[in-house]
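Structural description and commentary
Each chain, letter by letter, is given below.
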Amino acid sequence: MANLKRRHFIQYTAGAAGALVVGWSFLPPRQRLIPGDPLPVAPGQVALNGWVKVSRDNTVTIQMCQAEMGQGIHTGLAMLLADELDAAWDQVTLEQSTLDKIYNNQAEIVDALPFQPDENGSAKRLARWMTAKLIREVPGAIGTGGSSSVNDLWLPMREAGASARAALIAAAADLWKLPAHECRAESGRVLHPSGKSASFGDLAQRAAELAIPKNVPLKDASAFQLIGKPVRRLDNAAKIKGAGIYGIDALPAGLLYASVTMCPTVGGKVARFDATAAQSLSGVRKVFAFEPYAAGLITVGAGTGGVAVIADSPYHAMRALKNVTVEWDHGAASNLSSEQILAGLAQTLDSKSGYVHYEHGDVDTALKSATKTISAEYRVPYLAHATMEPMNCTVQFKDGAATVWAATQTPAFTRDAVAKVLGIHASKVTIIVPSLGGGFGRRTFMDYIGQAAAIAREADGAPVQLMWTREQDMTHDYYRPAFVSRHTAGFDAQGKLTAWKTTSAGSNMGMPDILDGSIKGAFDTGYEFPHARIAHQSVEALVPIGIWRSVSHSHNAFFTESFIDESAFSVGQDPVQFRAALLAGNPRLLRVLQRAAELSNWSEPLAPAPDGAKQARGLALHRCFGSVVAQVAEVSVDLDRKIRVHRVFCVLDCGFPLNPNLIRQQMEGGIIFGLSAALKGEITLEKGQVQQTNFHNYAPLRMNECPLIVTDILPSTEHPQGIGETGVPSIAPAVANAVFTLTGQRLRSLPLKLAV
Amino acid sequence: MTKVKINGQIVEVSAEPDTPLLWVLRSELKLIGTKYGCGMALCGSCTVHLDGAAARSCITPLSAIGEREVTTIEGLHGKEADALREAWTDIDVVQCGYCQPGQLMSASALLQKTMDPTDADVDAAMSGNICRCGTYPRIRAAIHAAARAMGPRLNPPLPLK
Ligand code: FES
Ligand code: FES
């Protein structure tokens, strides 16, 4: 599928920029093996490159530049390096990396470029090459997002392991006066057929003194010891003892605690406040108002101001806040209502045809000549992240320097945000990133980080931990935007789909149309439509919005996969057969679809649910973050008309599966996250105030509502692709499609609710 | 000063009597394994045992503890706890892990009462513990595996591929 409009634009801009930097642009991309500044080392420890240190006691310390927020990335990345190093798995420990440019996440940005996945033209290749080179040079482009970590680090971390292994072998050869090619590494030792053997720890110092080996060949897949195996998580042991350290577990000496109350209206601030009563309570140190802090450079929706209490304990701070009276300046959003926003989006679609992101053939003529057409309108609401660990950040500002403990997906932005608020140079800020109690995109934003820095400024050099209550976290999120989408399909006399026209409206996160990410998952489906037009009309509101696990795929998969299903039923065809016919030119998607049908016994009758209720299946297929997923949900309805999901079959092609155990975990977690949104998730605003405050009215799925999940990972030798978000998008349409088969009701808005 | 028995030891705490146990544990005693998630008994992140029964420490004021012994994740031990931790490791339950201290406290209280829990027992005991990462299928499988490891059982575990 070509996207001509977009392609021309990018070719033009890439060409113009390229002409300016032509010399630079033909240099090879910056190497990622050796950092600008040597790694800091402990006594008895040496660094063999920017990714691994070896200690005399034989500990191998691997540098982690990505945030562990549950997705298992620390285990996955350690496997890459340890395997190529031939380290013993139990000698491996992990450590947070510095913010050097070698750790910049190239894949996250390059894969966000708006190209069709199947396209492979020179414009796309040039744009990707240029962007990759650019990202290499940008200080602080470190981040965990876009399901990109393994994709980005698959080669750099293996190369680092292989280089370190070659260095250790060279050291052994040097020590033994034997040819290096006769030596080999195994389980943390270098061995020679003569029986000579030395541990990595014994060889490390000598290895570090030799030149760093470059371009060392990587292992053939047949030689992998860890890569591709269902290795168990490294972080499990601490976390089941209660010894996992998260943001809220920072415990610097003399720690004080802060709690805040923000204006209930998004984007509002404090007009006046009276803290007399609060100030006299025990444990209270200071009560003050703070300004709104921005969440980032290009975010939609302003930060919100409020009042902070610094106290001796979190409870003292929270209790005191209840005794502060605040008069709010509700600001520009005081009349905002999510119901009106959604109605406005629908109205917009009455008059606007949107920015065209994909056009093929002549869809309007094809629709006119179609034997049959169907049309439908779909909607999704705002959604909160509701990470289990609420937003928090601990800052100590003392003697012109800051130390920050922040469970963040973007450590360099965090450093810069703190430096800006405190008016100090970024080099004066030290960032410590503990485990994240969930991220889902929320922890890429800086609003609470700026607040924490401003609060620390008031603490006379003492460290202060700012922790939001669940209520603050829920009502001051950066929400997945609401969307409305209209769809029309045309068919010929044989029931073949000939035309596909969709236009959605909603926030594109303040990006120019050309870089609009909110269309991903709609304009890049794998289906081949004879005539198609896929457009999006950007409409911004004052609601703070942000990236939410799987971003635009979270709603576009629901729209596309529901309407494909409607299309199939409207011409009396089986939904699997119907999709297969549109995927004749896309064997990768077809393979996943067919396996899902087989795994779920698609064509066999389905037994009733345990309580005797009738069950039906629904299927959805979606490509995102380089991976392809199909899910089949088995659904019934209880006596209260409540939708229940009993089993989900999930088939995945994610390229080479680095760790099948972690991949299954992420499919299970993604499905449950997506199902929470599909069945229950909805954030509404009235008078600019978010109505949901805690887990009673924004309720994630619970144990008794959780389906059984069976995941099948298809074998592949291709470059590894995204996992962390990939499980989310398909479940809502799979369930909605099953509900249609079961009840005849086509539910076109989320969360799914049956008419009673 | 209030005397409380926590993890086998009598400790004196200075927090005021209305202070929820959660904050006594976390900020005064530095027992930070117990987590805050909602403050309203909605999520189970703060679950501890009071005389072996699961309780939400976020809504339990210090004054309400009395003679009862508090057990936190740091002090959780014994046959059930060992079996659960082993199953949690074998099955690799944990994702972000933030909810897991609470999950393990609820699961061990369940196994202490019910040697051989059915799926309905698991639902009843565990549905107060939210896991935003979605580890429920593995928690269920791990509870069954732990129960099985501790002795003969009646209900077959759910298959987990
Ligand atoms: S923090 Fe106590 S139940 Fe949520
Ligand atoms: S493991 Fe992350 S919330 Fe349960």
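**Considering the overall build of chain A**
Across its full length, chain A carries 20 helices and 27 strands. In terms of C-alpha radius of gyration, chain A reaches 27 Å, essentially the compact-globule figure of 27 Å for 756 residues. The dimensions of chain A, computed from C-alpha atoms along their principal axes, are 80 × 75 × 65 Å. Counting every position in chain A, which comprises 756 residues, the buried fraction comes to 63%. Here the contacts in chain A between residues at least 6 apart in sequence split such that 78% fall between residues at least 24 apart. For chain A, the exposed area adds up to about 27,500 Å²; of that, 54% sits on carbon and sulfur atoms.

**A word on the overall build of chain B**
Regarding its fold elements, chain B presents five helices and five strands. Helices and strands in chain B line up, N terminus first, as β-β-α-β-β-β-α-α-α-α. Structurally, chain B occupies a C-alpha span of about 50 × 30 × 25 Å along its principal axes. Of all intrachain contacts in chain B linking residues separated by at least 6 positions in sequence, the fraction that spans at least 24 positions is 58%. For chain B, the accessible surface area stands at approximately 5,900 Å², while carbon and sulfur atoms represent 55% of it. Of the charged side chains in chain B, 16 are positive and 17 negative; the average position of the first set lies 5 Å away from that of the second.

**Remarks on unusual backbone geometry**
Residue and element names in this part refer to chain A. Note the cis peptide between Leu 750 and Pro 751, where omega equals -5°. The residue Asp 86 is not glycine, and still its phi comes out positive at about 60°. In this fold, Asp 86 is placed in the loop between α3 (73-85) and β4 (92-96).

**Points about the sheet that holds strand β15 (residues 392-398) of chain A**
Residue and element names in this part refer to chain A. Taken together, seven strands build an open sheet; the order of strands is β10-β11-β8-β18-β15-β16-β17 and the sheet is mixed. The sheet is open, and its two borders are formed by β10 (284-290) and β17 (429-432), each paired with just one other strand. Strand-to-strand twist across the sheet, computed as the mean angle between neighbouring axes with direction ignored, equals 20°. Strand direction decides the pairing type here: strand β16 (residues 401-405) and β17, joined by four bridges, are parallel.

**Some details on helix α20 (residues 731-743) of chain A**
Counting along an α-helix, one turn takes 3.6 residues, and residues three or four places apart therefore face a common direction. Residue and element names in this part refer to chain A. The end-to-end C-alpha distance of α20 is 18 Å, a good match for the 18 Å that 13 residues give at a rise of 1.5 Å each. Along α20, 11 of the 13 residues are buried, which leaves the element largely enclosed by surrounding structure. Looking only at α20, the buried set comprises Ile 731, Ala 732, Pro 733, Ala 734, Val 735, Ala 736, Asn 737, Ala 738, Val 739, Phe 740 and Leu 742. Buried residues belonging to α20 abut α16 (553-570), α17 (575-582), β22 (615-624), β23 (627-637), β24 (643-653) and α19 (660-679). Downstream of α20 by one or two residues, Gly 744 has phi in the positive range, about 80°.

**Quick look at the packing of α19(A) against helix α5 (residues 136-150) of chain B**
Interhelical geometry of α19(A) versus α5(B) gives an angle of 115° and a closest axis separation of 9 Å. Note on element contacts: α5(B) touches α19(A) through B:Tyr136, B:Pro137 and B:Arg138, opposite A:Asn661, A:Arg664, A:Gln665, A:Glu668 and A:Ile672. Partitioned by chemical class, the residues of the contact of α19(A) with α5(B) number three nonpolar, two polar and three charged.

**Side note on the domain arrangement of chain A**
When the parts come together, some accessible area is lost, and that loss is often what is quoted as the size of the interface. Residue and element names in this part refer to chain A. Partitioning chain A into domains gives domain 1 (31-104 + 140-240), domain 2 (255-332 + 387-475) and domain 3 (339-382 + 480-743). Distance between the C-alpha centres of domain 1 and domain 3: 40 Å. Tallying the contact residues gives 22 residues for domain 1 and 17 residues for domain 3. The largest contributions to the domain 1 side of the interface with domain 3 come from Ser 147, Asn 151 and Trp 154, which together make up 35% of the buried area. Put simply, domain 1 and domain 3 have zero salt bridges between them. Our count for the contact surface shared by domain 1 and domain 3 stands at nine residue pairs in polar contact (both at pLDDT 80 or more). Mapped onto the side of domain 1 that touches domain 3, the elements with two or more residues apiece are α3 and α6 (149-176).

**Quick notes on the pattern of salt bridges**
All names here are of chain A. For the structure shown, the criterion picks out 46 salt bridges over all chains. Taking the shortest distance from any N to any O, the salt bridge between Glu 327 and Arg 272 comes out at 2.4 Å. With Glu 327 in strand β12 (residues 325-329) and Arg 272 in strand β9 (residues 269-274), this residue pair connects regions lying 55 residues apart in the sequence. Accessibility expressed as a relative area gives 52% for Arg 272, which makes it exposed.

**Quick notes on the pairing of strand β19 (residues 483-491) of chain A**
Most of β19(A) sits inside the fold, with seven of its nine residues counted as buried. Where β19(A) hands over to strand β20 (residues 497-506) of chain A, the hairpin turn is made up of five residues, of which A:Gly495 adopts a positive phi near 85°.

**Topic: the domain arrangement of chain B**
All names here are of chain B. Here the domain parsing of chain B yields domain 1 (2-75) and domain 2 (79-150). Taken over C-alpha atoms, the centre of domain 1 sits 21 Å from the centre of domain 2. Listed as interface residues are 16 residues of domain 1 and, on the opposing side, 13 residues of domain 2. Where domain 1 touches domain 2, the interface holds zero salt bridges. For the interface between domain 1 and domain 2, the tally reads seven residue pairs in polar contact (both at pLDDT 80 or more). Residue assignment for the side of domain 1 that touches domain 2 shows that the elements contributing at least two residues are β3 (47-50) and β4 (53-56).

**Description of the interface of chain A and chain B**
Listed by partner, the interface residues are 66 residues for chain A and 54 residues for chain B. Both faces considered, chain A and chain B share a buried interface measuring about 4,900 Å² in area, 58% of it formed by carbon and sulfur atoms. On the chain A side of the contact with chain B, A:Ile240, A:Met388 and A:Met703 bury the most area, a combined 18% of that side's loss. Inspection of the chain A/chain B interface yields five salt bridges. The partner of A:Glu668 in a salt bridge is B:Arg138, and the shortest N-O contact between them spans 2.7 Å. Connecting chain A to chain B are 36 residue pairs in polar contact (both at pLDDT 80 or more). Contributing elements (two or more residues each) for the side of chain A that touches chain B: α8 (236-239), α10 (314-321), α15 (470-475), α19 and β27 (708-713) of chain A. Here the side of chain A that touches chain B is composed, by residue class, of 31 nonpolar, 21 polar and 14 charged.

**Side note on helix α3 (residues 100-113) of chain B**
All names here are of chain B. The end-to-end C-alpha distance of α3, which contains 14 residues, comes to 20 Å, matching closely the 20 Å that a straight helix rising 1.5 Å per residue would cover. Most of α3 is tucked away: 12 of the 14 residues are buried. Every buried residue belonging to α3 is among Gln 100, Pro 101, Gly 102, Gln 103, Leu 104, Met 105, Ser 106, Ala 107, Ser 108, Ala 109, Leu 110 and Leu 111, and all of these are buried.

**Remarks on the sheet that holds β23(A)**
Residues and elements named next belong to chain A. Across the sheet, four strands lie side by side as β22-β23-β24-β27; this open sheet has mixed pairing. Because the sheet does not close on itself, it has two edges, and the strands there are β22 and β27. With strand direction ignored, the average angle separating the axes of adjacent strands in the sheet is 15°. Both β22 and β23 contribute to a ladder of 10 bridges, which runs antiparallel. Residue pairing in the sheet places Gly 618 in a bridge with Ala 633 of β23.

**Topic: the packing of α3(B) against α5(B)**
All names here are of chain B. It is the contact of α3 with α5, at a shortest axis distance of 11 Å, that shows an interaxial angle of 40°. Here α3 is positioned oblique relative to α5, judged by the angle of their axes. Pair α3 / α5 crosses with right-handed handedness. For the pair α3 and α5, contact is made by Gln 100, Gln 103, Ala 107, Leu 110 and Leu 111 and by Ile 139, Ile 143, Ala 146, Ala 147 and Met 150, respectively. Considered class by class, the residues forming the contact of α3 with α5 number eight nonpolar, two polar and no charged.

**Description of the environment of A:Arg32**
Residues and elements named next belong to chain A. Here Arg 32 shows up in the loop between α2 (22-25) and β1 (45-47). Residue class for Arg 32 comes out buried when judged on its relative accessible area of 11%. The spacing of Arg 32 and Lys 241 is 209 residues in sequence and 36 Å in space, taken between C-alpha atoms. Beyond its immediate stretch of four places on either side in the chain, Arg 32 contacts Trp 51, Ile 102, Tyr 103, Asn 104, Gln 106, Arg 136, Asp 152, Leu 153 and Pro 156. Among the polar contacts made by the side chain of Arg 32, one reaches the main-chain carbonyl oxygen of Asn 104 at a distance of 2.8 Å.

Thresholds, definitions, all that
Throughout, residues of each chain are indexed from 1 in the direction in which the sequence is written. Chain labels run from A onward and ligand labels from 1 onward, assigned in the order the entries are written. Only residues with pLDDT of 70 or above have their local features reported here, since the model is predicted, and side-chain atom pairs are shown and tallied only from 80 upward, although totals for entire chains, interfaces and linings are computed over all residues. With hydrogens and water stripped out, all remaining heavy atoms of the structure feed into the side-chain values. The helix and strand labels rest on DSSP assignments: H or I over at least four residues marks a helix, E over at least two residues marks a strand, and numbering proceeds from the N terminus. In this description the radius of gyration comes from C-alpha coordinates, and the expected globular size is given by 2.2 Å times residues to the power 0.38. Relative accessible area decides the class of each residue, using a 1.4 Å probe on protein chains only: under 20% of the type maximum gives buried, over 50% gives exposed, and in between gives partly exposed. Whether two residues touch is decided by their heavy atoms; if any such pair falls within 4.5 Å, the residues are in contact. Computed with a 1.4 Å probe, the accessible areas rest on the Shrake-Rupley method; for each residue, only the protein chains presented here act as cover. We count Lys and Arg on the positive side and Asp and Glu on the negative side, and we leave His and both chain ends out. Charge coordinates come from a single atom per side chain, which is NZ of Lys, CZ of Arg, CG of Asp or CD of Glu. Whether two strands pair comes down to DSSP finding at least two bridges between them. All axes here are fitted lines through C-alpha atoms, helices being fitted over the stretch that makes contact, and every angle between N-to-C directions spans 0 to 180 degrees. Each residue after the first adds 1.5 Å to the expected span of a helix. Amino acid classes used here: Ala, Val, Leu, Ile, Met, Phe, Trp, Tyr, Cys and Pro are nonpolar; Asp, Glu, Lys and Arg are charged; the rest, including Gly, are polar. An automatic or database domain assignment supplies the start and end points of every domain. Once two parts are joined, some of their accessible surface, as seen by a 1.4 Å probe, is lost; buried area is that loss totalled over both. The rule for a salt bridge is simple: a side-chain nitrogen of Lys or Arg has to be within 4 Å of a carboxyl oxygen of Asp or Glu. Polar contacts, as used here, are pairs of N or O atoms within 3.5 Å; protein pairs need one atom able to donate a hydrogen and one able to accept it. Residues neighboring in sequence count only if both atoms are side-chain atoms. Each angle gets one of four labels, with under 35 degrees taken as roughly parallel, over 145 as roughly antiparallel, 65 to 115 as roughly perpendicular, and the rest as oblique. Working rule for handedness: look at the near helix, and if it is turned counterclockwise from the far one by less than a right angle, call the crossing left-handed; if clockwise, right-handed.

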